[in-house]
Amino acid sequence: MQTLTKTAQITRGTFYLHYKDKADFLLQTERQVVDEWFFHAETITAVTDTNTAAGVLQVTGFDLNAALEYADKHHQILATLFDTQFPHFREYLLATLIQKLYQFGLNFEGKQQNFHMTENEIPASYLASAFVGMIMQWLADDRRFSYSHLGRSFAALLPSPEATRLREWFITCNLEK
């Protein structure tokens, strides 16, 4: 605790005003990083929807370029939080990604009438796990490729729209060539 407060240039009393203990600090830090990541990457987008009069539906999507740019800029904290000593971070990030994919599916498929959770559980888990795994490997490889290259590679590996409409949550049109 002493090293932490010294590094942050705060007193122990100030630390305990904001956090119950070291575990509370870590939990809040993990959640803050995930929340900031989504704040930078989520955006309103239009997707084709033949069930609406306009033929499009506005939904919240995940801008892959913005997400990877955030990961590149914050690679040190992300690499630390992806370490096995912080298993809650990976669990929370995966759960958040899956929840956001479900929400996209619910909004896109007209709330629960056309969206079946059981049919979308595997695609949502696959997409979330693929994204997290890709980021973890990229960080472990010391960001050997540019985040733009990583985004293009991930976009190329996304399943076809016929396989799952959830893939449209990942907005890939902003990826640099």
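Here the structure is a predicted model, which is why all the values come from computation and not from measurement.

J.: It is not clear to me how the pattern of salt bridges should be interpreted in this structure. Could you clarify?
T.: Opposite charge on two side chains permits them to pair, given that their charged atoms come into close proximity. Across all of its chains, the model carries four salt bridges by this definition. In this structure, Lys73 and Glu69 form a salt bridge, with 3.9 Å as the shortest nitrogen-oxygen distance. Note that Lys73 and Glu69 are positioned in helix H4 (residues 64-73) at a spacing of four residues, about one turn of the helix. With relative accessibility at 60%, the residue Lys73 sits in the exposed group. The class for Glu69 is partly exposed, based on a relative accessible area of 30%. Asp72 is paired through a salt bridge with Arg143; the nearest N and O atoms lie 2.7 Å apart. Here Arg143 lies in the loop between helix H7 (117-140) and helix H8 (147-157) and Asp72 lies in helix H4, a separation of 71 residues in the sequence. Asp72 sits in the partly exposed class, given a relative accessible area of 22%.

J.: I'm lost on the sheet that holds strand S3 (residues 170-171) in this one. Help?
T.: Note on sheets: strands pair through backbone hydrogen bonds, and any given pair is parallel or antiparallel. Taking strand neighbours across the sheet as the criterion, the three strands line up as S1-S2-S3 in an open arrangement whose pairing is mixed. Sheet topology places strand S1 (42-48) and S3 at the edges, where each strand pairs with a single neighbour. Looking at chain direction, S1 and strand S2 (residues 56-63) are connected through seven bridges and run antiparallel. Among the inter-strand pairings, Thr48 is bridged to a residue of S2, identified as Val56. In the packing of H4 onto the sheet, the strands contacted are S2 and S3, and the crossing angle to S2 comes to about 20°.

J.: Can you help me understand H4 in this one?
T.: The α-helix winds at 3.6 residues per turn, so residues separated by three or four positions along the chain end up facing the same way. Judged by how many residues are buried, H4 sits mostly within the fold: seven of ten residues are covered. All of the buried residues along H4 are Leu64, Asn65, Ala66, Ala67, Leu68, Tyr70 and Ala71. If you check the start of H4, you find a side-chain oxygen 3.0 Å away from the backbone N of Asn65, and it comes from Asp63.

J.: Even after reading the chapter, I still don't get unusual backbone geometry, so can you show me in this structure?
T.: Positioned with a positive phi, Asp142 is a non-glycine residue whose angle comes to about 60°. Along the chain, Asp142 falls in the loop between H7 and H8. One non-glycine residue, Arg143, lies in positive phi territory at about 55°. Under the relative-accessibility criterion, Arg143 is labelled partly exposed at 26%.

J.: Please clarify how the packing of aromatic side chains should be interpreted in this entry.
T.: The geometry of an aromatic ring pair is captured by two quantities: the separation of the ring centres and the angle between the planes. Scanning all chains against the criterion turns up twelve aromatic pairs. Aromatic side chains Phe38 and Phe62 sit 5.3 Å apart centroid to centroid with 50° between the ring planes, which places their arrangement in the tilted category. Note that Phe38 is positioned in helix H3 (residues 22-41) and Phe62 in strand S2, a separation of 24 residues in sequence. Given a relative accessible area of 5%, Phe38 falls into the buried group. Residue Phe62 is classed as buried on the basis of its relative accessible area of 1%. Summarising the aromatic geometry, the rings of Phe131 and Phe154 are spaced 5.9 Å apart at their centres and angled 75° between planes, so their arrangement reads as edge-to-face. Highlighted residues: Phe131 in helix H7 and Phe154 in helix H8, separated in sequence by 23 residues. For the pair Phe131 and Phe154, one class covers both residues: buried.

Scoring rules and cut-offs
- Residues numbered from 1 in each chain as written.
- Predicted model: local features only at pLDDT ≥ 70, side-chain atom pairs only at ≥ 80, totals over all residues.
- Heavy atoms only, no water.
- Salt bridge = Lys/Arg side-chain N within 4 Å of Asp/Glu carboxyl O.
- Helix = DSSP H or I, 4+ residues; strand = E, 2+ residues; numbered from the N terminus.
- Buried < 20%, exposed > 50% of the residue type's maximum accessible area, 1.4 Å probe, protein only.
- Pairing = 2+ DSSP bridges.
- Contact = heavy atoms within 4.5 Å.
- Axes fitted to C-alpha atoms, helices over the stretch in contact; angles between N-to-C directions.
- Polar contact = N/O pair within 3.5 Å; in protein donor to acceptor, adjacent residues only side chain to side chain.
- Phe/Tyr/Trp six-rings, centres within 6.5 Å; stacked < 30°, edge-to-face > 60°.

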